[in-house]
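Here is how the chains run, residue by residue.
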Amino acid sequence: MVNEQIILDTVKRMVDSGIDNSTIIATLKDIGLSEEEANNIIQKVKSPPQTPSAPQTQQSTPTEKSSQQEYVDTREEIAQNEMEAEAQKAELNDTTTYNMLNMHEHKIDEVASKIDEVKQAVSSSKPVVDATISTKLTELETKVDDISAQTKAILDVVKKVLDTDRKILTELEAKK
């Protein structure tokens, strides 16, 4: 078991750094403590000291120094593993993003080729459409010209009828 003072100092630094309780508990479990012991240590660290004590001067024994070194080595190993896991996660994320971008690129290429096909189909049928429209427009213009001429002729006839009616009415009134 690791020296309790080392654990307390380390947990104090973790709390001061803003690391959440669940991470601290997981770390303490990694060094062999139970969840209850981990919670007790966190409570000790978070509660203010009740009595001011004089600074303690402890002489570290060689076994304590080796325990400290083992603890530091364990923490470094945990940190190294976490960094490797983060690197793998980032690599997987990059690979996934790259694959998604490739799929989208292929879909965009397919859509672009389909648009080109539609453009070609429309441009190849355009002369046929233009010729048909042009023919129909010519027919319509001819019909409009005929209707216009007929309308003018009818207007002329109606004017002549009206003139004739006026003359007759004027003569009838003059005879009265």
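Everything quoted here is computed from the prediction, not taken from an experiment.

(A) Local environment of the side chain of threonine 27. Within the element layout of this structure, threonine 27 appears in helix H2 (residues 21–30). Polar side-chain contacts of threonine 27 include one of 2.9 Å to the backbone oxygen of threonine 23.

(B) Spatial organisation of a nonpolar patch on the surface. Nonpolar side chains collect at one region of the surface, where Ile133, Leu137 and Leu140 lie side by side and expose about 280 Å² of accessible area between them. Topologically, isoleucine 133 is positioned in helix H4 (residues 62–175).

(C) Here's a closer look at the packing of helix H1 (residues 4–16) against H2. Two elements in contact, H1 and H2, have axes whose closest approach is 10 Å; the angle formed by their N-to-C orientations is 155°. One finds that H1 runs roughly antiparallel with respect to H2. Taken as a pair, H1 and H2 cross one another with a handedness that is right-handed. Note on element contacts: H2 touches H1 through Ile24, Thr27 and Leu28, opposite Ile7, Val11, Met14 and Val15. Class assignment of the residues belonging to the contact of H1 with H2 gives a composition of six nonpolar, one polar and no charged.

(D) Quick peek at H1. For H1, built from 13 residues, the straight-helix expectation of 18 Å at 1.5 Å per residue is met to within 8% by its first-to-last C-alpha distance of 18 Å. Of the positions making up H1, those classed as buried are Ile6, Ile7, Leu8, Thr10, Val11 and Met14. Two residues or fewer past H1, glycine 18 is found with a positive phi of approximately 90°.

(E) A negative patch on the surface, seen in detail. A grouping of Glu70, Asp73, Glu76 and Glu77 is seen on the molecular surface, where their side chains present a negatively charged patch. Its place among the elements puts glutamate 76 in helix H4.

(F) Broad picture of H2. Taken together, the buried positions of H2 are Ile24, Ile25, Thr27 and Leu28. Seen along its axis, H2 keeps its buried residues to an arc of 160°; they face one direction.

(G) Local environment of the side chain of threonine 10. With respect to the secondary-structure elements, threonine 10 resides in helix H1. With a relative accessible area of 8%, threonine 10 lands in the buried category.

(H) Layout of the nonpolar core. Residues Ile7, Leu8, Val11, Met14, Ile24, Ile25, Leu28, Leu33, Ala38, Ile41, Ile42 and Val45 constitute the largest nonpolar core, which totals twelve residues. Listed by contribution, the elements that provide at least two residues to this core are H1, H2 and helix H3 (35–46). Setting aside residues no more than four positions away along its own chain, leucine 8 makes contact with Ile41, Lys44 and Val45.

(I) Region of the structure containing the environment of aspartate 9. Topologically, aspartate 9 is positioned in helix H1. A relative accessible area of 37% means that aspartate 9 is categorised as partly exposed. With 36 residues separating them along the chain, aspartate 9 and valine 45 place their C-alpha atoms 8.4 Å apart.

(J) Main features of the pattern of salt bridges. Enumeration over the complete set of coordinates arrives at four salt bridges. Between glutamate 4 and lysine 44 there is a salt bridge, and its shortest N-O distance comes to 3.0 Å. One end of the pair, glutamate 4, is in helix H1; the other, lysine 44, is in helix H3, and 40 residues separate them in sequence. Where aspartate 16 meets lysine 12, a salt bridge forms, and the shortest distance between an N and an O atom there is 3.4 Å. Of the two residues, aspartate 16 and lysine 12 are both situated in helix H1; the distance of four residues between them amounts to about one turn of the helix.

What counts as what
- Residues numbered from 1 in each chain as written.
- Predicted model: local features only at pLDDT ≥ 70, side-chain atom pairs only at ≥ 80, totals over all residues.
- Heavy atoms only, no water.
- Helix = DSSP H or I, 4+ residues; strand = E, 2+ residues; numbered from the N terminus.
- Polar contact = N/O pair within 3.5 Å; in protein donor to acceptor, adjacent residues only side chain to side chain.
- Patch = residues over 30% accessible without salt bridge, like charges linked within 9 Å, V, L, I, M, F, W, Y side chains within 5 Å.
- Areas by Shrake-Rupley, 256 points an atom, 1.4 Å probe, with all protein chains shown as cover.
- Salt bridge = Lys/Arg side-chain N within 4 Å of Asp/Glu carboxyl O.
- Axes fitted to C-alpha atoms, helices over the stretch in contact; angles between N-to-C directions.
- Parallel < 35°, antiparallel > 145°, perpendicular 65-115°, else oblique.
- Left-handed = near helix turned anticlockwise from the far one by under 90°.
- Contact = heavy atoms within 4.5 Å.
- Nonpolar A, V, L, I, M, F, W, Y, C, P; charged D, E, K, R; others polar.
- Expected span 1.5 Å × (residues − 1).
- Buried < 20%, exposed > 50% of the residue type's maximum accessible area, 1.4 Å probe, protein only.
- Lys, Arg positive; Asp, Glu negative; His and termini not counted.
- Charge placed at Lys NZ, Arg CZ, Asp CG, Glu CD.
- Arc of directions from axis to C-beta.
- Core = buried A, V, L, I, M, F, W, Y, C linked by side-chain atoms within 4.5 Å.

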